[in-house]
Every structure is written in C-alpha cells, then in structure tokens.
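# Secondary and tertiary structure notes
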Amino acid sequence: MSPRLGIDTNILLRISVIDDAQQSERIRSFIAHLKEDDVLFVNVSVIVEAFWVLKRFYQYPRTAILDFLQAILERREFEVAEFEAVGNAIHACRHGSVDFADALLSEMNRSAGCRTTFTFDRKAAARVPGMELLA
C-alpha cells in the first residue's frame, strides 16, 4: 500500500488556523504519528482553496499565506502536487502584484508544455508571466 495519504483543505487549514482547538490538536497528533515513509498528499485544488479561505474568510495577510504555503512545500510530511508550479506561483506573488490562482494556472500550463495561457483578464495578461490577452 502507498505511503501517500490524501488530505482535504480543512485538514491543511487546521495547521495554520486554530479556530477549533480539538481539530488542530488531532492534526498535530496525526502528523506526529506518521510513519517515516508516510506523506500527506496535497492536491493543487487544496492549495488554491486554502489560499482563498485564508485570504477571504480568515483575512490573513497575503505574505502570511505565501509563507504558510512555502512552509508546506518545505516540510517532509507533505507532498504537494505540481510542486514546482506551486513554488513558482508563490515566487511570482512575492515579487509582483499577481493573483495566486492566475500565477499557478500559468505555471501549471507552462509545465504541461504550453507556450502561453490565453485569458480575457486584462490584469492577469499584464501582470502574470506566461499569460496573454486574447483580443
């Protein structure tokens, strides 16, 4: 059986947000008791949803969210899907006023071999590397 264990956004969020002490303690204990070769698989949709929830619902500052996502990338216990694209999107957000979801989409398309990502979003086309306005 695979040492990969998938997690939902609400599990990932309890690492950062302690609005339910019991759930936060359960995830901390769960992580502490992982076997050496076990990893928690974090799908791209979980990353995007976590960013959105932390920003919109919990009103975390953008830099704190990017720091949290970067920390997840760097922890042994986590395997993040599209690792390089997520890391590049974090970097793009730190160094420009780009939307995380747009930056991630552009990076994922680039890693899939796309020359560009077309959009009707003028701001994204102007700010996100690899995005072009379909005019």
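Structure: above.
Our subject in this report is the structure included herewith. (Residues numbered from 1 in each chain as written. Predicted model: local features only at pLDDT ≥ 70, side-chain atom pairs only at ≥ 80, totals over all residues. Heavy atoms only, no water.)

## Notes on the sheet that holds strand E3 (residues 78-80)
A sheet is described by the order of its strands in space; here 3 strands give the open sequence E1-E2-E3, paired in parallel fashion. Looking at the sheet topology across the chains shown, the edges are occupied by strand E1 (4-6) and E3. Ignoring which end each strand starts from, the neighbouring axes of this sheet average 35° apart. (Pairing = 2+ DSSP bridges. Helix = DSSP H or I, 4+ residues; strand = E, 2+ residues; numbered from the N terminus. Axes fitted to C-alpha atoms, helices over the stretch in contact; angles between N-to-C directions.)

## As for the packing of aromatic side chains
Any pair of aromatic rings gets described here by the distance separating the centres and the angle formed by the planes. Scanning the entire structure with this criterion turns up 3 aromatic pairs. A ring pair is formed by phenylalanine 51 and phenylalanine 100, whose centres lie 4.8 Å apart and whose planes are at 10°; its orientation type is stacked. With phenylalanine 51 in helix H3 (residues 44-57) and phenylalanine 100 in helix H6 (residues 100-111), this residue pair connects regions lying 49 residues apart in the sequence. This pair shows no difference in class: phenylalanine 51 is buried, exactly as phenylalanine 100 is. On the numbers, 4.8 Å between centres and 85° between planes, the contact of phenylalanine 57 with tyrosine 58 is edge-to-face. With relative accessibility at 22%, the residue tyrosine 58 sits in the partly exposed group. Members of the aromatic cluster, connected to one another through ring pairs, are Phe57, Tyr58 and Tyr60. (Phe/Tyr/Trp six-rings, centres within 6.5 Å; stacked < 30°, edge-to-face > 60°. Buried < 20%, exposed > 50% of the residue type's maximum accessible area, 1.4 Å probe, protein only.)

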